Amino acid sequence: MASPLPSKSDALYIGLMSGTSLDGVDAVLFDGQAVLGHVHAPFPPALRDELLALNAPGANELHRAALAANGIARSYADVTAQLLEATGHRREDITALGAHGQTVRHRPDGFDGYTTQLLNGALLAEQAGIDVVCDLRSRDVAAGGQGAPLVPAFHRAFFGVADRDVAALNLGGIANLSLLFTDGSTGGFDTGPANCLMDGWIARHRGLAFDADGAWAATGQVLPELLTVLLAESFFALAPPKSTGRDLFHLDWLDARLSPGQAPEDVQATLLELTARSAAEALKAQMPGATSLIACGGGARNGRLMQRLAELLPGVAITSSAELGLPVDQVEAAAFAWLAQCFKEKRPGNLPAVTGAAGLRILGALYPS
Ligand SMILES: Nc1ncnc2c1ncn2[C@@H]1O[C@H](COP(=O)(O)OP(=O)(O)OP(=O)(O)O)[C@@H](O)[C@H]1O
Ligand SMILES: [Mg+2]
């Protein structure tokens, strides 16, 4: 069972999230029940490029990763200062920062099992002058879990209702689904890519960061043979618990599956269809009676993607998290503020039924201010 939302208190937390899309940092001010302010800041382009590069093996990685971790800490400190300014708070008002860091490797069940979120927590504590709770995934992995997704516990606390099963779909770089059953049980897993492949493909062919509203994808035709080849990836058929990242879903993965003569816009249409199809099939398989789906993450702004999801899921009412009081860009950051609160209150943040961990664990490590 997830921890219920704690009652609103004087304690304020800031959640700092930079996800696999690498679009930058979302920061929210959270009081235990609601988001009181939000700031988004893109990464400096050189840091973004380096983080993308560090997702694949390369030369002199330890040095480069350490510098990137410093860069992330500085970005997080900057956005924290902006958020304090925007909300009229001082750093003394904040109990802790819940800082995700940047995932550059996620291999919970390969090799010896690890997940790496780059962030120099010491530097962030030094610069922000606020307690930092970070490295929020490793303890779950140490307990035999996937370390991901961690947001289903927060989705349960925020979106769960007593009278019907509800699913929540976060469309970030990777897509993850939370299953909030009426009996109080909670499921959750990654369904595959959401935006990471579409973003990479449009960057390569059109020099754009993302396909706004899926407009470019909408000019193409889905390539059925390619879609079949992409959906044959064994990750899609794995039973939960499961999680993934750019370790698997990157442009080299796509390139290895393309055939000559495929038009770029048709490939984009097929990538959008892959996201919609893999998420819809996962929902149908794991929550067959679903009637309510809450969408969040930047992909919820992609009208074409939301249209395809609706077509693939007749009988499922799809709403935006914004309609429930939490704008789509704020959900993940709020979840990490909530996880920092769990840490401070010595409450577990993981759900063993979701991650596969051996038990409930208090997640994170503290760098005192
Ligand atoms: N208007 C839009 N139309 C289409 N796609 C959009 C739009 N706005 C944002 N996006 C997509 O959303 C992405 C950012 O989403 P988000 O910040 O939720 O992902 P993330 O950083 O990977 O987060 P997380 O890992 O926490 O889920 C962008 O990279 C882009 O692909
Ligand atoms: Mg993001």
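Just so we're clear, the structure is a prediction, and the values are computed from it rather than from any experiment.

Colleague: For the pairing of strand β11 (residues 292–296), give the residues involved together with the corresponding values.
Modeller: Of all five residues in β11, five are buried, a share of seventy percent or more. A two-sided burial pattern is seen for β11, the buried positions comprising Ser 292, Ile 294 and Cys 296 on one face and Leu 293 and Ala 295 on the other. Note: strand β8 (residues 166–171) against β11, five bridges, orientation parallel. The residue of β11 that forms the bridge with Leu 169 is Ala 295. Relative to strand β12 (residues 317–320), β11 is paired through four bridges, and the arrangement is parallel. The residue of β12 that forms the bridge with Leu 293 is Ile 318. Traced from β11 through helix α12 (residues 303–312) to β12, the parallel crossover comes out right-handed.

Colleague: Before we move on, could you go through the sheet that holds strand β10 (residues 186–193) and cite the residues and values that matter?
Modeller: On the basis of which strands lie adjacent, the open sheet formed by five strands has the order β10-β9-β8-β11-β12 and mixed pairing. Every interior strand has two partners, whereas the edge strands, β10 and β12, have only one. Put simply, the sheet's adjacent strands are angled 20 degrees from each other on average, direction ignored.

Colleague: How would you summarise the UniProt feature "binding site: ATP" (unreviewed entry) in the protein chain if you had to cite specific residues and measurements?
Modeller: Under the feature "binding site: ATP" (unreviewed entry), the UniProt entry names Gly 19, Thr 20, Ser 21, Leu 22, Asp 23, Gly 24, Val 25 and Asp 26. Its place among the elements puts Gly 24 in the loop between β1 (12–17) and β2 (25–30). Residue Gly 24 is classed as buried on the basis of its relative accessible area of 1%. Every residue in contact with Gly 24, bar those within four places of it in the chain, is listed here: Met 17, Ser 18, Gly 19, His 40, Ala 41, Pro 42 and Phe 43. Mapped onto the secondary structure, Val 25 falls in strand β2. Sequence-distant contacts of Val 25, defined by excluding residues within four places in its chain, comprise Leu 16, Met 17, Ser 18, Val 39, His 40, Ala 41, Phe 43, Ser 75, Tyr 76 and Val 79.

Colleague: Outline the sheet that holds strand β3 (residues 35–41), supporting the account with residue identities and numerical values.
Modeller: Two orientations exist for strands paired in a sheet by backbone hydrogen bonds: parallel and antiparallel. Spatially, six strands are ordered β3-β2-β1-β4-β7-β13 in an open sheet, and the strand pairing comes out mixed. Two strands close off the open sheet at either side, each with one partner strand: β3 and β13 (365–367). Strand after strand, the sheet turns through a mean of 20 degrees between neighbouring axes, direction not considered. Across two bridges, strand β4 (residues 94–99) lies against strand β7 (residues 132–134) in parallel orientation. From the neighbouring strand, Leu 97 faces β7, where its bridge partner is Val 132. Relative to β3, helix α2 (residues 61–87) is tilted by about 135 degrees, and along the sheet it contacts β1, β2, β3 and β4. Where helix α3 (residues 121–128) meets the sheet, its contacts fall on β1, β4, β7 and β13, and the angle it forms with β7 comes to roughly 155 degrees.

Parameters and conventions
- Residues numbered from 1 in each chain as written.
- Chains lettered and ligands numbered in written order.
- Predicted model: local features only at pLDDT ≥ 70, side-chain atom pairs only at ≥ 80, totals over all residues.
- Heavy atoms only, no water.
- Buried < 20%, exposed > 50% of the residue type's maximum accessible area, 1.4 Å probe, protein only.
- Helix = DSSP H or I, 4+ residues; strand = E, 2+ residues; numbered from the N terminus.
- Pairing = 2+ DSSP bridges.
- Right-handed = clockwise from strand over helix to strand, strands pointing away.
- Axes fitted to C-alpha atoms, helices over the stretch in contact; angles between N-to-C directions.
- UniProt positions renumbered as here; feature names shortened; annotations may be inferred.
- Contact = heavy atoms within 4.5 Å.

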